[in-house]
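Letter by letter, the chains look like this.
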Amino acid sequence: MSLNGYWYLILAAVLFCIGALGVLVRRNVLVMFMCIELMLNAANLTFVTFSRMLGDIGGQVLVFFVLVVAAAEVVVGLGIVVAIFRRRASTTADDLHILKG
Amino acid sequence: MVHAAFLMPLLPLVGFVVLAFGGRRLGDPLAGWVGTAAVTGSFVAACVTIAGLAGMAEHSRHFTQTYFTWIPVGGLQVKAAILVDPLSMTMCMFVTGVSALIHLYSIGYMKGDGDYPKFFVYLNLFVFSMLVLVLANNLLLTFVGWEGVGLCSYWLIAYWFDRDTAASAGKKAFLYNRVGDAGFLVAMFLIFSKTGTLTYRTLFALPLHHLLGPGAAAAAVLLLFLGATGKSAQIPLFNWLPDAMEGPTPVSALIHAATMVTAGVYLMARVAPLLELSGDARLVIAVIGGATAFVAATIACAQQDIKKVLAFSTVSQIGYMVLAVGCRAYVAAIFLMVAHAFYKGLLFLGAGSVIHGLGGEQDLKRMGALRRFMPLTFATYIFAWLAIAGVPPFDGFWAKGDVLDNAWAAHPALWGLGVLTALLTAYYMSRLFFLAFTGRARWDDPAQRAHHPPHESPWVMTLPLVVLAVAAAAGFVIDLPWAHHDSLVGWLAPVFAHDLYQAHQATPTQVALGVVDAVVAVLGVGIGWALWRNRTERPLLENRFLQRVWFWDDAYDTLFGRPGQAMARFAAVVVDGRLIDGAVNGAAALVRATGSGVRRLQTGYVRNYALGIAVGVVAVIAFMASRTWI
């Protein structure tokens, strides 16, 4: 028996919400990164699901782009995290509020 | 010969430019001689021109020299052109002649002044402006000269601007003249809108009674007359002239007695064809002239400053001229203007000589006995005094007689006012004369005067006195009553075709009126002699009402000055301080308050921003969902 496509969409929505919630509530920059990855992959799952449901290969092509962008983003992001860690010996996002108005 | 006319305004202009750029290098007294030479050259050019004009046939005695088109705008073609005709040349003769003498006098009077060359710069510019005013062939160019003389007058009144009184007198003169100038401008608008031209000869050749009609003609004349009251110091704008005496005495003589202040009368004479159409407006002019003559004469009786007496006397004499214009006696007005230029110039220059000799003293009560110290000034002053008093045979008698004859023909009441004024004139001039030159020496302040007794002035100052004394004594030859048609009347006839001088006056009436004039003049002199020969104080005759100029200045202060100040204060404190500053500062305060309120939103915490985005997304989704499903 094959699962109904809607289940995949619901799963993607749940994953996305978990990721978004994680970004909002966690202080650790690394965890926030993982949550962002979770959101990106939830989006990927949506793409693939729709690709299957609609019989259109475009969604799967787009997933590859997202993966590449995510990888690049992680490289830059982790670079920033390492740079910050060297200066402040902490990976807590709330320490970085010098742009307060 | 008539083509020398362009030299008249050109020479003072050249003098002005030379002195303005090289005056300091020329210094004292060379700058004065350059200025005098320029104006004397102008006088010579005027003589040559008038000789050429006299050689032309009577009805073609006019010509126009055009230099360039100044304002070419559609129907309005204003040319920089001069009109040479008997009227403008009569003016030019005495303007340049008296100016040349006063320039010469100033060389002596202004000696040692710190800004010596500057004085002659202004003086030459003044003569140039006056000649532009007189020679212009259209109203707008006349207005340029009109403003030019006003500006020079302002500079020269406030010449010693480090004195507060002089600076504010200059401003006062300027502001009073602005009021009049507004009338002049509106009159020009009116005339142009009705007739389409501002050029005198073109304008007067038009069928004016069709184009203007009596109403518009009267309005134009009265508006021009408003300008004339400003420039010629008539009621209601006469108060500036006495204050103008803050300027150096040659300035008072040249600008505020002999030439500039007669510009209003000249303008009225120039637009005589309009006056002919204006009906009752002429009566207004005559009444204002007569009233000014009388009021100013009463005030002159009580003044203590020698120059103030002469200033009010000038106002009064110009009142006579205006009265003559209002009675359609243009020739009489011009005759009195020329005669007045001689004797009033002499009176002022003589007063300047006295002031110079006494080291700056102007108070009549601190003069006296000067006849022994300043014989030449004294002798020439007798001529001026008798001339203005109207004692025959000096020119004042003939000129004033002409005006009074015409006033009699117009309305006996105007004549009565004029004769009363003539009595007062003879009286206050005698008062001045006896106080200054005879009686006890009251200037005798031993500490001050021991080393500097009053002294006669140098020859550059006394020569103009002598020349003007001769002119004041013999000036009447230009217009004798029994030879009218060979003299000034005949000469000006091409200009004032309508003015058939005294055609309706029977000769016995003229003789009777002349006898009355002479008796009144002698009576006035006699009263002055009896009252002031050996008295210096008469509180009843020098009461506060007269000394304070009929409270005229106080009335203006209450009517215009105080409300004006209150309005200015309202504008400064309420409108500017609260309204405008309030709006500007309020806008700034609003932005500042908004900014400091909204600033709290920028916390610097990434999660806050992320929350914002999340909430926004949810809101957008909720909105779209509500649109789709509900």
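Model, not experiment: these values are computed from the prediction.

**Observations concerning the overall build of chain A**
Looking only at helices and strands, one finds three helices and zero strands in chain A. Going residue by residue from the N terminus, the α and β elements of chain A occur as α-α-α. Expected size for 101 residues packed as a compact globule is a radius of gyration near 13 Å; at 17 Å, chain A overshoots this value by more than 25%. In terms of its C-alpha atoms, chain A occupies a principal-axis envelope of roughly 55 × 30 × 25 Å. Sequence-distant contacts, at least 24 apart, represent 48% of the contacts inside chain A between residues at least 6 apart.

**Brief notes about the overall build of chain B**
Across its full length, chain B holds 25 helices and two strands. When its C-alpha atoms are laid out on the principal axes, chain B stretches across 120 × 70 × 50 Å. A total of 630 residues make up chain B; the buried ones form 51% of that total. At a minimum sequence separation of 6, the contacts of chain B that also span at least 24 residues come to 81%.

**Remarks on the interface of chain A and chain B**
Every contact between the two is made by 10 residues of chain A and, on the other side, 10 residues of chain B. Within the side of chain A that touches chain B, the residues separate by chemical class into six nonpolar, two polar and two charged.

**Topic: the domain arrangement of chain B**
Here the domain parsing of chain B yields domain 1 (338-547) and domain 2 (559-629). For domain 1 of chain B and domain 2 of chain B, the distance between their C-alpha centroids amounts to 75 Å.

**Re the pairing of strand β2 (residues 76-84) of chain B**
All names here are of chain B. With nine bridges joining them, strand β1 (residues 63-73) and β2 adopt antiparallel strand pairing. Bridge pairing links Phe68 to Ala80 in β2. Between β1 and β2, which follow one another and run antiparallel, lie two residues, and Gly74 among them has a positive phi close to 55°.

**A closer look at the nonpolar core**
Grouped together as the largest cluster of nonpolar side chains are 216 residues, with contacts concentrated most on Val265, Ala324, Ala333, Leu336, Leu346, Ala384 and Ala472 of chain B. For this core, the element with the highest residue contribution is helix α15 (residues 330-357) of chain B, accounting for 19 residues. Beyond its immediate sequence surroundings of up to four residues, Ala384 of chain B is in contact with Tyr343, Leu346, Leu347, Gly350, Ala469 and Ala472 of chain B. Counting six residues, the second-largest nonpolar core is a separate cluster that includes Val29, Met32, Cys35 and Ala93 of chain A.

**Comments concerning the packing of helix α1 (residues 5-25) of chain A against helix α25 (residues 606-629) of chain B**
At a minimum axis distance of 8 Å, the contact between α1 of chain A and α25 of chain B shows a crossing angle of 145°. Contacts between α1 of chain A and α25 of chain B involve Ala20, Val23 and Leu24 of chain A on the former and, on the latter, Arg607, Ala610, Leu611 and Ala614 of chain B. For the contact of α1 of chain A with α25 of chain B, the residue count by class is six nonpolar, no polar and one charged.

**Observations concerning the packing of α15 of chain B against helix α20 (residues 459-474) of chain B**
Residue and element names in this part refer to chain B. In contact at an axis separation of 9 Å, α15 and α20 are set at 150° when each is read in the N-to-C sense. Put simply, α15 runs roughly antiparallel to α20. Crossing of α15 against α20: the hand is left-handed. Contacts between α15 and α20 involve Phe342, Tyr343, Gly345, Leu346, Leu349, Gly350 and Ser353 from the first element and Met461, Pro464, Leu465, Leu468, Ala469, Ala471 and Ala472 from the second. A per-class count over the contact of α15 with α20 returns 11 nonpolar, three polar and no charged.

**A closer look at the environment of Ile621 of chain B**
Residues and elements named next belong to chain B. Positionally, Ile621 belongs in helix α25. The exposed category is assigned to Ile621, around which 10 C-beta atoms lie within 10 Å. Spatially, the C-alpha atoms of Ile621 and Gly597 are 29 Å apart, while their sequence positions differ by 24 residues.

**Observations regarding the confidence of the model for chain B**
Confidence along chain B averages 87 in pLDDT terms, with 96% of residues attaining 70 or more. Complex prediction metrics read pTM 0.78 and ipTM 0.78.

**A closer look at unusual backbone geometry**
Residue and element names in this part refer to chain B. Cis rather than trans, the peptide bond between Ile235 and Pro236 has omega equal to 10°. For Pro236, the position within the fold is in the loop between α8 (213-231) and α9 (240-243). Even without being glycine, Arg328 reaches a positive phi, approximately 70°. Mapped onto the elements of the fold, Arg328 is located in the loop between α14 (306-326) and α15. Looking at Arg328, the number of C-beta atoms within 10 Å reads 22, which means it is buried. A positive phi angle, close to 55°, is found at Trp550, a residue other than glycine. In this structure, Trp550 sits in the loop between α23 (544-547) and α24 (552-598).

**Some details on helix α10 (residues 249-258) of chain B**
Within α10 of chain B, 10 of the 10 residues are buried, which leaves it mostly tucked inside the rest of the structure. Looking at α10 of chain B, one finds that the buried residues are Thr249, Pro250, Val251, Ser252, Ala253, Leu254, Ile255, His256, Ala257 and Ala258 of chain B.

**Some details on the environment of Arg52 of chain A**
Mapped onto the elements, Arg52 of chain A comes out in helix α2 (residues 29-54). Distance in space between the C-alpha atoms of Arg52 of chain A and Gly5 of chain A is 8.3 Å, their sequence separation being 47 residues.

**Some words on the environment of Ala291 of chain B**
Residues and elements named next belong to chain B. Along the chain, Ala291 falls in helix α13 (residues 280-300). Classification of Ala291 by C-beta neighbours within 10 Å gives partly exposed; the count is 18. Along the sequence, Ala291 and Thr421 sit 130 residues apart, while their C-alpha atoms lie 9.4 Å from each other.

Conventions adopted
- Residues numbered from 1 in each chain as written.
- Chains lettered and ligands numbered in written order.
- Predicted model: local features only at pLDDT ≥ 70, side-chain atom pairs only at ≥ 80, totals over all residues.
- Helix = DSSP H or I, 4+ residues; strand = E, 2+ residues; numbered from the N terminus.
- Rg over C-alpha atoms; globule rule 2.2 N^0.38 Å.
- Contact = placed C-beta atoms within 7 Å.
- Buried ≥ 20, exposed ≤ 12 C-beta atoms within 10 Å, placed from the backbone.
- Nonpolar A, V, L, I, M, F, W, Y, C, P; charged D, E, K, R; others polar.
- Domains from an automatic or database assignment.
- Pairing = 2+ DSSP bridges.
- Core = buried A, V, L, I, M, F, W, Y, C linked by C-beta atoms within 7 Å.
- Axes fitted to C-alpha atoms, helices over the stretch in contact; angles between N-to-C directions.
- Parallel < 35°, antiparallel > 145°, perpendicular 65-115°, else oblique.
- Left-handed = near helix turned anticlockwise from the far one by under 90°.
- pLDDT = per-residue confidence, 0-100.

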